[in-house]
Amino acid sequence: MEKTWRWFGKKDKITLSMLRQIGVEGIVTALHEVPNGEIWTEEAIMDLKNYIESFGLRWSVVESLPVCEAIKYAGPERDKLIENYIISLENLGKCGIKTICYNFMPVLDWARTDLKHKWDDGSTSLYFDYARFAYFDIKILEREGAEKDFPADIVAKVEELDKTMTPEEKHDLVYTIIVKTQGFVNGNINEGDKEPIKKFKGLLDLYKGIDKAQLRENMKYFLNAIMPVCEKWDINMCVHPDDPPMEVLGLPRIVRTAEDIRWMLNAVDNPHNGLTFCAGSLSAGEQNDVVAMANEFASRTHFVHMRSCNVLGGGNFIEAPHTGGRGHLVELARIFTKEERRRNANNGIGLPMRVDHGKDILDDAVNDYNPGYGFYGRMLALGLVGGMMAAVEDELK
Ligand code: DNO
């Protein structure tokens, strides 16, 4: 697999020359300054591409070309937004960038409740505490009917928490769930937004009456509309699984399970409609057998995220070191390396892989990196996963 790295553009403190030194081959990035829904021009794409190439690297993957909410909930402006999306794809195709990651999660991209969960050794990981998430939903958003979406023991924990949560803790929880984890991925709420909770509730309202079946229809509509431009430029679309792979905040989520992925690949049965195999997101769901899913979906996987979670019971999970957890990354390295060889025999296209989130170690804690995207932790993870890949290459000789 091609060793890639998520880089947040010229403003990223982690520079391309640093990445060259640690064995990165390809870059995963986006035109982060372009607001969702606007066209990515050929000039802007070429400018960034040339910059990346001037460091001896390749722009391997776009993560993400965001899909606007109105496309997801089928608002009146959806066709215009899809038209813009197609023009952006066309421009990317012209510039030779052909692997595009996106997601179809309503309102909330990934969710965590704690960005600095401590391990005994002093390092920290991202963490999801189901009861705290329920607290946000029931007590802070005060979403109508939210209690009914949680098991009784979680609702009881929420009542307990309510006795002790300080205003600072409440503020941190809101900031973590809807601001800090969202803004940098072109999310809906950005640093400095006034009244983020009000804005967030307004977004949730857009999905009233949209159930799983309707969201699936809307995804199918979107995919059918973009397939011709993907075929024209040999672009592979790869949907990112829902993170975590569960329903949240009363919103439907449709890329959570093997059954969901099977549905979406079959609904638009075109090789350009593919998957980002995010082992981290998938392994956070107890229902998911990650290795079985990798075997089943390898032929439609166009991008791999190597990361692993430990499920802790009661809906909680922690991001594990890359050698541990339910992601079984060694086996995934085997499966996807074999898949890459099969494809190389067919058409010479390599399979890009990035290590996803690392733990925060060493100086990561003092640098204000985007959550999950520290330098040292990811460098260590790349070393670990790179070692797995080298061992697999050796096995397959
Ligand atoms: C978080 C990421 C997600 C992902 C998008 C893809 O760290 O995994 O934000 O990039 O969902 O569209």
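The rules behind the values
Residues numbered from 1 in each chain as written. Predicted model: local features only at pLDDT ≥ 70, side-chain atom pairs only at ≥ 80, totals over all residues. Heavy atoms only, no water. Helix = DSSP H or I, 4+ residues; strand = E, 2+ residues; numbered from the N terminus. Expected span 1.5 Å × (residues − 1). Buried < 20%, exposed > 50% of the residue type's maximum accessible area, 1.4 Å probe, protein only. Arc of directions from axis to C-beta. Contact = heavy atoms within 4.5 Å. Near = heavy atom within 4 Å. Polar contact = N/O pair within 3.5 Å; in protein donor to acceptor, adjacent residues only side chain to side chain. Nonpolar A, V, L, I, M, F, W, Y, C, P; charged D, E, K, R; others polar. Pairing = 2+ DSSP bridges. Axes fitted to C-alpha atoms, helices over the stretch in contact; angles between N-to-C directions.

Attention shifts here to helix α2 (residues 42–53). Between its first and last C-alpha atoms α2 spans 16 Å; for twelve residues at 1.5 Å apiece the expected length is 16 Å, and the two agree. Within α2, the full set of buried residues consists of Ile-45, Leu-48, Lys-49 and Ile-52. Projected onto a plane normal to the axis of α2, the buried residues spread over an arc of 100° and lie on a single side. Here the buried face of α2 lies against α1 (16–21), β2 (26–29), β3 (58–63) and α4 (78–94).

You can see Ser-281 is positioned in helix α11 (residues 279–283). With sequence-adjacent residues up to four places away left out, Ser-281 is seen in contact with His-240, Pro-241, Asp-242, Asp-243, Pro-245 and Arg-307.

In the vicinity of the ligand there are 13 residues, among which Glu-63, Ser-64, Asp-109, His-357 and Tyr-373 approach most closely. The side chain of Ser-64 places a nitrogen or oxygen atom 2.6 Å from an oxygen atom of the ligand. A distance of 3.3 Å is found between an oxygen atom of the ligand and a side-chain nitrogen or oxygen belonging to His-240. Broken down by element, the residue count for the shell around the ligand peaks at three residues, all from strand β4 (residues 99–103). Among the residues making up the shell around the ligand, the classes are represented as six nonpolar, four polar and three charged.

So, about helix α8 (residues 196–205). An α-helix turns once per 3.6 residues; consequently, residues spaced three or four apart project the same way. Residues Phe-200, Leu-203 and Leu-204 constitute the buried set of α8. In an axial view of α8, the angular spread of the buried residues amounts to 100°, which keeps them on one side of the axis. The elements touched by buried residues of α8 are α3 (69–72), α5 (130–140) and α7 (167–180).

A sheet is described by the order of its strands in space; here four strands give the open sequence β5-β6-β11-β10, paired in antiparallel fashion. Sheet topology places β5 (114–118) and β10 (309–313) at the edges, where each strand pairs with a single neighbour. Across the sheet, the mean angle separating the axes of adjacent strands is 35° when strand polarity is ignored. Of the pairings in the sheet, the one linking strand β6 (residues 124–128) to strand β11 (residues 316–319) comprises two bridges and is antiparallel in character. Paired with Phe-128 across the two strands is Phe-317, which belongs to β11.

Pairing within the closed barrel is parallel, and its eight strands lie in the order β1-β2-β3-β4-β7-β8-β9-β12. For this sheet the average axis-to-axis angle between neighbouring strands, irrespective of direction, equals 30°. When β3 meets β4, the two strands line up parallel, connected through two bridges. Counted as the bridge partner of Val-62 is Ile-100 from β4. The strands touched by α2 are β2 and β3; relative to β3, the strand with the most contacts, the crossing angle is about 130°. Most of the contacts of helix α10 (residues 258–267) go to strand β8 (residues 273–278), to which it runs at about 155°, and overall it touches β7 (236–240) and β8.

So, about unusual backbone geometry. Along the chain, Glu-63 connects to Ser-64 via a cis peptide bond; the corresponding omega equals -5°. Relative to the assigned elements, Ser-64 resides in the loop between β3 and α3. Cis geometry marks the peptide bond from Asp-243 to Pro-244, where omega comes out at -5°. Mapped onto the elements of the fold, Pro-244 is located in the loop between β7 and α10. Its identity is not glycine, yet Glu-195 carries a phi of approximately 50°, on the positive side. Within the fold, Glu-195 resides in the loop between α7 and α8. On the basis of relative accessible area, Glu-195 is assigned to the exposed category, the value being 53%.

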